[in-house]
Structures are given as structure tokens and as C-alpha cells.
Amino acid sequence: WLGALRFDNLALRSLPVDASGDGAPRAVPGACFCRVRPSPVQNPRLVAMSLPALALLGLEAPTGDQEAAEAEAALYFSGNRLLRGAEPAAHCYCGHQFGSFAGQLGDGAAAYLGEVLGPRGERWELQLKGAGITPFSRQADGRKVLRSSIREFLCSEAMFHLGIPTTRAGTCVTSDSKVIRDIFYDGNPKSERCTVVLRIASTFLRFGSFEIFKPPDEYTGRKGPSVNRNDIRIQMLDYVIGTFYPEIQESYSDNSIQRNAAFFKEITKRTARLVAEWQCVGFCHGVLNTDNMSIVGLTIDYGPFGFMDRYDPEHICNGSDNTGRYAYNKQPEICKWNLGKLAEALVPELPLEISELILEEEYDAEFEKHYLQKMRKKLGLIQLDLEEDSKLVSELLETMHLTGGDFTNIFYLLSSFSVDSDPSELEDFLEKLTNQCASVEELKVAFKPQMDPRQLSMMLMLAQSNPQLFALIGTKANINKELERIEQFSKLQQLTAADLLSRNKRHWKDWLEKYKVRLQKEVESAGDADTWNTSRVKVMNSNNPKYILRNYIAQNAIEAAENGDFSEVRNVLKVLENPFKEAEDFREVKEDAEEEGATATAAACAQETRSKLPYCSKPPLWASELCVT
């Protein structure tokens, strides 16, 4: 089945490859890649495959013996055997991690397999993530585990089907090989299965790929492994622009500064549009370091990501992001900061005064334009572009925040709001909206104080008596947030469910009146109200997903898979392939799985009892305790 794959490994022909053959962790100067060999795993077996992703490579759904095809995929996409034409290598890059330059990083747990030519001549880089030690593994083992691999596999495909630029995932293969992981860094390690994901993209080069030339950093003292190798920087720019931005190469072939400026302008605009798309579906990346930013504007490296459930502009999806650097509302400015670091990495081939001007002129304007265009579609504002729309969007988000509204489900519901609804219809609609708002119990979990009162008291005293020491061990913002949590939590003790419902209905009624006025302007402009409404609902239903990869859905699939039942991963994948569709409801999907003869262990059956919810449901209370690091 896989014998039809045609490799043509342009990156290794175009960029310098380390010739030493030493696979041990080390510095790799003067090279963009070094040769590696994936480490075999015991008894590899397929968890799931994405046929739409594999179709990019010219692979059609296997006919005949399905088990044999799955075994073949497991054998080759675990790294246990190499495909003809594959040339495994690890890529060298650096990065600013949480704002500080970390020096050499590189593919510490991933291996470039090569580039496959698709059926229309397009080129796709294949990468095995979790395939073992490389020169960039540092003190780690080069492995990934089942839970993180299932999350990356499912989210890569979910993002694609949402229409958001992303790397893809072709297969997820687990094994009987084990590694030890301390999931929450709390001294409670456990043994987990080594798992490998086949990742697919036009390229996995990133902003950090250009930081290998960085001289010693003034704050950390670290430097890139290829300082003073401007010849390689030129090679990389020629390769990236010539391969992935051919129209720019063609337009500016005789002027490298103009060409590089046009490239930087394009990646600036792509990145601005990408993060606007994230904001519009409530996606949080979690680790927006410069080494996790794609040089072609894709969502890349799915780690402690999360789709926001209850709308909170300060939502932090990464349990180890203690300062909230990568919070939901910080993503646009962080991506701009990262582009500034890319600009620094392109000097002298693109002078900083040129790139900084491009960044200031293009990024914010492109982000705001794309964000508002997308939000208009989500609200069904298809006739007119009015200046007041930005305020309407802000007021909607503020109402969601005040009521603890579910970001995805509130947007999805709005398409069923009627511009000429009578009072009883409005009341029914308000009922639906408030059902998607947080309960008193959910709010108590959300605002539960996180610091011991004695610790908080000590920190407040320290802030007064020794501000310098306080600055080293805490931040004013964190303390203020904790004080706010305490105040909110105290108010919630007196709040009844009836009071909360009444308050939420009042907030939503106020906003719906403004929305109704704006929709009436649309009707007046359109003329034919019925035709307009049909178009409005169609646009809204293709921009507001019904299904996203919520943490609790991923967790249910992970727990079943850890007990040997992969059917839930495959069910979730099916649902995520049609995120805007009414699609199968939960029970239909379950019946399909039963027809396929899926069996579950007793442990998996136990977790099934807590997952009897439609995939479009807002999370159960237990989900608020999930922590992803």
C-alpha cells in the first residue's frame, strides 16, 4: 500500500547537512539538518489514521485486507522500517522560549523522513514525531506518549477541517515500549506507551530555524550554533522563498533586499490572519515560542493547546504558563513579538529598519481586518460592513464573559435567532442561550482561590516591605488576580441559581436588542428578507462550528485508548472531520463503533459512563479539573 509513495528530498539537497553521523545529543554547528535513524518500538499498532491527510500523498483508502494495511502503516510510520527513498534527518533550530533565548533546540523528538510528491506534483514533508533520540534531544529520550500523541493527531485534523492553516496528521501509532513521565511535575511519575505521529506539511521550518545564527544573547548569554554563518542564512532564504513563495522569487529575482522584504511582509500578514482565525474559534496554542511559529504561516506543534469552553479573555490553556504569557487575549501581540525576533534573525539580509516598518504597518491592520471579517460572518452580517460592528462584537464577548457563556455553543446558537421574533420566541431563545452559560457550581470551580491564605498574606506584606524581593518571586498581576478570585468566590457563596439565571437573561436580552437592530439594517439593505435570511444562516453555519476538540472529549478518547480501545479516537476523528455539520449525534456514532465490532475493557466501560454526552455539549463539571502542561 505504501510502496506508491514517491520521495524527492529537496530540503536535504538545498540546505547543509551535518556529515558526522554522530547521533548523540550535541551542538550542531554549520548545518540545518543532521542524519538520524528512528529508534524501533515494540509491537507497533495503529491507533487511527486520517484518510483525508494521507490522500495528500496520493494514498487512497486501502482496499481488501484492512488489517494488513493497518499493520503496514504501523510498521513504517512507527519508524521500525524505512520506506524506499526516505532519508531520516533532524532539523536544527533555536528559539525564544517564554521570552528568553534558549540557544540550540532542534528536532529533539522528531525525524524528517523526506518529501513525498503528491498526485498533483505538490511536495509534502513527512515527519515522525516521537521516533527516538536525535542530536537535539538534550537530556530527554526523544519519545512521545499516547495521551499527547492522540491530542496532536486529533487537533491537527480538527484545525484543518475548521479551515485553519495547519500541519496535518496522517497516522497515530502506539506500542508496547514504555517511558516514564511525571505529567504534572509533582513527583508522581508513571509508565506510558511510546507513540508516534506521522505529521505532514509543506515544510516544518520555523522562525527559530533562522535563529541558529544568533550571537550571544545579552540576557541569557546563549548563542546559536552557527554564529557568523551568513552564507547559510542566504542559502535558507533562497530555499524558503524559492520553494514556498515562488511568486515573490519571480517578482524580485534581481534584488535580494526587496525580495526578502516582500517575503517578510507576506509571512507577517499570514501570521496575523492565522492568529485572527485562532481567536475566532477560541483556540489557544499554549506555547507560542519562536520555535513553534511556522515560516509558511501554519499552526504547528500541538502541545498543551486548548479550545476555550467558558469565554474568558485571560484563559490560559497551558498549566505550566505561570505568568499567562500565552493567554488567549495575549496571542495576537505575542505573535507580533515573535515576528520581531524573526526580523532580527534576518539581519543583514534584511535590514531591521525595513522589517520593523513592515511589521508596524502591516501586522495590526491585517489582524484587525481579518478578525472583523470573520466575526461578521459568524454573526451573519453579510450585507453591510459598518463601523459599529466592531463594538457589537466587543459587547457580545463582554456579555459572554459576564455570563460565563460557552464560546462555541453561543455562536452556533445565534444562527437560529429570528430578527422578527415575538416575545414568547425571544423567551425561548433566551432559555437556550442561558443553558449555555456557566452554572453557580461551574463558576465556583472557576473562581476557587488558588493560593493558601497564609501565602497570600505573606506575599502582600512582602510587596510592601521588600518590592525587589517580591519582584523575583511573584508578580503584582498574579496577586491582583488572586484577590479578584477571592472576591468573586465570596460573592458566589450568596448567589442562588435563580438569581444567576435572572441576571444572565437580562445581560443577553440587552445584547440581543442591539443585535436585532443591526440585523434589521441588513434586511433593509437586502430587500428580500427570506433570501437574505437563508444566506445569513448558511454563512453562519459554515463559520460557527458545532464540534471542536474540547479537552474532555480528548480525555475520554485518551482514557479509552490507554485501556486498549481505540474506537473512541476514531469516532472523535469522524466527528471533527465535519465540524459544521449537524452530523451523527453521539448515539449514532456509538452504534457505528459497535457494528465495527469494537470491544472495550472493563476499565474503558467505566469511563464510558461519564462520556454519555453529545460531542457538542458544553463540558461536564469534572472537565474543569483537567490540567494540560
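Above this text sits the structure in question.
These notes cover the structure that comes with them. It should be emphasised that the depicted structure is a prediction, and the values quoted were computed from it without experimental measurement. (Residues numbered from 1 in each chain as written. Predicted model: local features only at pLDDT ≥ 70, side-chain atom pairs only at ≥ 80, totals over all residues. Heavy atoms only, no water.)

## Points about the overall build of the chain
And step 1. Summing up its helical and strand segments, the chain has 22 helices and 13 strands in all.
And step 2. Expected size for 629 residues packed as a compact globule is a radius of gyration near 25 Å; at 25 Å, the chain falls within 12% of this value.
And step 3. Once the C-alpha set of the chain is aligned to its principal axes, its extents read approximately 75 × 65 × 60 Å.
And step 4. For the chain, the residues scored as buried account for 53% of the 629 residues in total.
And step 5. The long-range share in the chain, meaning contacts at least 24 apart out of those at least 6 apart in sequence, stands at 74%.
And step 6. Approximately 27,200 Å² of the chain is accessible, and the part contributed by carbon and sulfur atoms is 50%.
And step 7. If the 72 positive side-chain charges of the chain are averaged to one point and the 89 negative ones to another, these points end up 3 Å apart. (Helix = DSSP H or I, 4+ residues; strand = E, 2+ residues; numbered from the N terminus. Rg over C-alpha atoms; globule rule 2.2 N^0.38 Å. Buried < 20%, exposed > 50% of the residue type's maximum accessible area, 1.4 Å probe, protein only. Contact = heavy atoms within 4.5 Å. Areas by Shrake-Rupley, 256 points an atom, 1.4 Å probe, with all protein chains shown as cover. Lys, Arg positive; Asp, Glu negative; His and termini not counted. Charge placed at Lys NZ, Arg CZ, Asp CG, Glu CD.)

## Observations regarding empty space enclosed by the protein
Gaps left between atoms show up when a probe the size of a water molecule is rolled over them.
And step 1. Counted under the stated rule, the structure contains 5 cavities of 30 Å³ or more.
And step 2. The calculated volume of the largest cavity comes to roughly 60 Å³.
And step 3. Lining the largest cavity are 13 residues, and of these Leu274, Trp278, Met293, Ser294 and Leu298 sit closest to its centre.
And step 4. Among the residues making up the lining of the largest cavity, the classes are represented as 7 nonpolar, 6 polar and no charged. (1 Å grid on protein atoms, 1.4 Å probe; cavity = no way out; pocket = protein on both sides within 12 Å on 5 of 7 lines; lining within 4 Å. Points joined across faces, edges and corners; volume = space filled by probe spheres on them. Nonpolar A, V, L, I, M, F, W, Y, C, P; charged D, E, K, R; others polar.)

## Concerning the environment of alanine 561
And step 1. Take alanine 561: it is sitting in helix 19 (residues 551–562).
And step 2. Taking the C-alpha atoms as reference, alanine 561 lies 8.9 Å from isoleucine 150; in sequence the two are 411 residues apart.
And step 3. With residues near it in sequence (within four places) discarded, alanine 561 still touches Leu146, Ile150, Phe566 and Val569.

## A look at helix 18 (residues 529–541)
And step 1. With 13 residues, helix 18 extends 18 Å between its outermost C-alpha atoms, agreeing within 8% with the 18 Å of an ideal straight helix rising 1.5 Å per residue.
And step 2. If you check which residues of helix 18 are buried, you get Trp532, Arg536 and Met540. In a view along the axis of helix 18, the buried residues occupy a sector of 60 degrees, so they form one face of it. Exposed residues lying more than 90 degrees from the buried face of helix 18 are Asp530, Thr534 and Lys538.
And step 3. You can read the cap of helix 18 off the contacts: a side-chain oxygen lies 3.2 Å from the backbone nitrogen of aspartate 530, and it is on aspartate 528. (Expected span 1.5 Å × (residues − 1). Arc of directions from axis to C-beta. Polar contact = N/O pair within 3.5 Å; in protein donor to acceptor, adjacent residues only side chain to side chain.)

## Structural notes on a nonpolar patch on the surface
And step 1. A cluster of nonpolar residues, Leu460, Leu483 and Ile486, forms a patch on the protein surface that exposes about 210 Å² of accessible area.
And step 2. Position of leucine 483 among the secondary structure elements: in helix 16 (residues 476–494). (Patch = residues over 30% accessible without salt bridge, like charges linked within 9 Å, V, L, I, M, F, W, Y side chains within 5 Å. Salt bridge = Lys/Arg side-chain N within 4 Å of Asp/Glu carboxyl O.)

## Observations regarding the packing of helix 7 (residues 256–281) against helix 9 (residues 352–378)
And step 1. Contact pair helix 7 / helix 9: the axes reach a minimum separation of 8 Å and the direction vectors enclose 30 degrees. Accordingly, the angle class assigned to the pair helix 7 and helix 9 is roughly parallel. Relative to helix 9, the crossing made by helix 7 is right-handed. (Axes fitted to C-alpha atoms, helices over the stretch in contact; angles between N-to-C directions. Parallel < 35°, antiparallel > 145°, perpendicular 65-115°, else oblique. Left-handed = near helix turned anticlockwise from the far one by under 90°.)

## Here's the deal with the nonpolar core
And step 1. Grouped together as the largest cluster of nonpolar side chains are 134 residues, with contacts concentrated most on Phe264, Leu379, Leu414, Tyr515 and Leu549.
And step 2. The biggest single contributor to this core is helix 7, with 12 residues.
And step 3. Excluding its chain neighbours within four sequence positions, the residues that come into contact with leucine 549 are Arg151, Leu154, Cys155, Phe305, Phe307, Ala554, Val572 and Leu576.
And step 4. Among the nonpolar cores identified, the runner-up in size contains 26 residues, and Leu46, Ala53, Leu126 and Leu198 belong to it. (Core = buried A, V, L, I, M, F, W, Y, C linked by side-chain atoms within 4.5 Å.)

## A word on the packing of aromatic side chains
And step 1. A complete count under the given rule lists 18 aromatic pairs for this structure.
And step 2. Taken together, the aromatic side chains of Trp278, Phe283, Tyr302, Phe305 and Phe307 make up a single cluster linked through ring pairs.
And step 3. When the ring centre of phenylalanine 305 is taken as reference, the NZ or CZ atom of arginine 151 above it lies at 4.1 Å. (Phe/Tyr/Trp six-rings, centres within 6.5 Å; stacked < 30°, edge-to-face > 60°. Lys NZ or Arg CZ within 6 Å of the ring centre and 35° of its normal.)

## Description of the pairing of strand 5 (residues 94–97)
And step 1. Two strands pair when backbone bridges link them, and strand 5 and strand 6 (residues 100–104) are joined in this way by 3 bridges, in the antiparallel orientation. Paired with cysteine 94 across the bridge in strand 6 is glutamine 104.
And step 2. Remark: 2 residues form the turn of the hairpin made by strand 5 and strand 6, two consecutive strands paired antiparallel; phenylalanine 98 in that turn has positive phi of roughly 50 degrees. (Pairing = 2+ DSSP bridges.)

## Considerations on the side chain of threonine 408
And step 1. If you trace the backbone, threonine 408 turns up in helix 11 (residues 407–414).
And step 2. The buried category is assigned to threonine 408, whose relative accessible area is 4%.
And step 3. Filtering out sequence-adjacent residues up to four positions away, threonine 408 remains in contact with Met308, Pro545, Lys546, Ile548 and Arg550.

## Considering the side chain of asparagine 318
And step 1. The topology assignment puts asparagine 318 in the loop between strand 13 (306–307) and helix 8 (331–346).
And step 2. Within polar-contact distance, the side chain of asparagine 318 engages the side chain of serine 320 at 2.7 Å.
And step 3. Asparagine 318 has contacts with Phe98, Gly286, Val287, Pro304, Val628 and Thr629, leaving out every residue within four places of it along the chain.

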